[in-house]
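Inside the fold
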Amino acid sequence: MVGGAEGDIENSLHSFSMAVVINGLMLVTQLFTYGVLVWHKRTSAISAPKLLHAERPSRYHALWGWAVKAWHRRRRLYKEDLDATVVLRVCVLGIKFSAAGSVLSSILIPIYSAGRGDTE
């Protein structure tokens, strides 16, 4: 039965690595799509109506250009708009909880995969 448990662990790790690859590809695709929507003249009026034409990222920075610009403008937003500040701080708190959960899961997954699973 030991060989079966080893196969299960290998299968589990393969599934986990495939999930990481698929989610990574989806993230890059979504970031690129949003970058193109912000970069394109017609769709930027819908996806980012307050973004000035001069502030739009170039086509060479379509993947991360909007994120860099938003990062540089964050301090100004915190000073000017209280509602946006509250929403952004809640989002940042959610990211911190998500990061803590990811770190914890990276510790627990190997522990659970090495367990024998005896219920008696």
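Residues numbered from 1 in each chain as written. Predicted model: local features only at pLDDT ≥ 70, side-chain atom pairs only at ≥ 80, totals over all residues. Heavy atoms only, no water.

1. Considering the overall build of the chain
What counts, and what does not: By definition, any uninterrupted DSSP run of H or I lasting at least four residues is a helix, any uninterrupted run of E lasting at least two residues is a strand, and each is numbered from the N terminus. In what follows, residue pairs with any heavy atoms lying within 4.5 Å of each other are defined as contacts.
Helix and strand counts for the chain come out as 4 helices and 0 strands. Secondary structure elements of the chain occur, N-terminal to C-terminal, as α-α-α-α. The long-range share in the chain, meaning contacts at least 24 apart out of those at least 6 apart in sequence, stands at 33%.

2. Re the side chain of T85
Along the chain, T85 turns up in helix 4 (residues 82–114). Residue contacts for T85: discarding those within four places in its chain leaves L77 and Y78.

3. Here's the deal with the confidence of the model for the chain
For the record, the criterion: Across the chain, each position has a pLDDT score giving the predictor's confidence in that residue, from 0 to 100.
Averaged over all residues, the pLDDT of the chain is 77; the fraction at 70 or higher stands at 77%. Within the chain, helix 4 carries the highest mean pLDDT (85), whereas helix 3 (residues 65–80) carries the lowest (75).

4. Brief notes about a nonpolar patch on the surface
Under the convention used in this document: Residues forming no salt bridge and having over 30% relative accessible area are the ones grouped into patches, like charges within 9 Å of each other and nonpolar side chains (Val, Leu, Ile, Met, Phe, Trp, Tyr) within 5 Å. Here the open area of atoms and residues is found with the Shrake-Rupley method and a 1.4 Å probe, where only the protein chains shown may cover a residue. The salt bridge definition used is simple: a Lys or Arg side-chain nitrogen within 4 Å of an Asp or Glu carboxyl oxygen.
A cluster of nonpolar side chains, V103, I107, I111 and Y112, forms an exposed patch at the surface whose accessible area comes to about 440 Å². Mapped onto the elements of the fold, V103 is located in helix 4.

5. With respect to helix 4
Test applied: Expected span, for any helix, means 1.5 Å times one less than how many residues it has. What the bend at a residue measures is the angle between two axes, fitted to the seven residues ending there and to the seven starting there. Pairs of N or O atoms within 3.5 Å make up the polar contacts considered here, provided that, within protein, one atom can donate a hydrogen while the other can accept it, and that residues adjacent in sequence are counted only when both atoms are side-chain atoms.
Given a rise of 1.5 Å per residue, 33 residues ought to cover 48 Å, and the 49 Å separating the end C-alpha atoms of helix 4 matches this to within 8%. Bending of helix 4 peaks at approximately 25° at the position of L108, with proline P110 no more than four residues after it. Taking the backbone nitrogen of D83 as reference, a side-chain oxygen 3.5 Å away marks D81 as the first, capping residue of helix 4.

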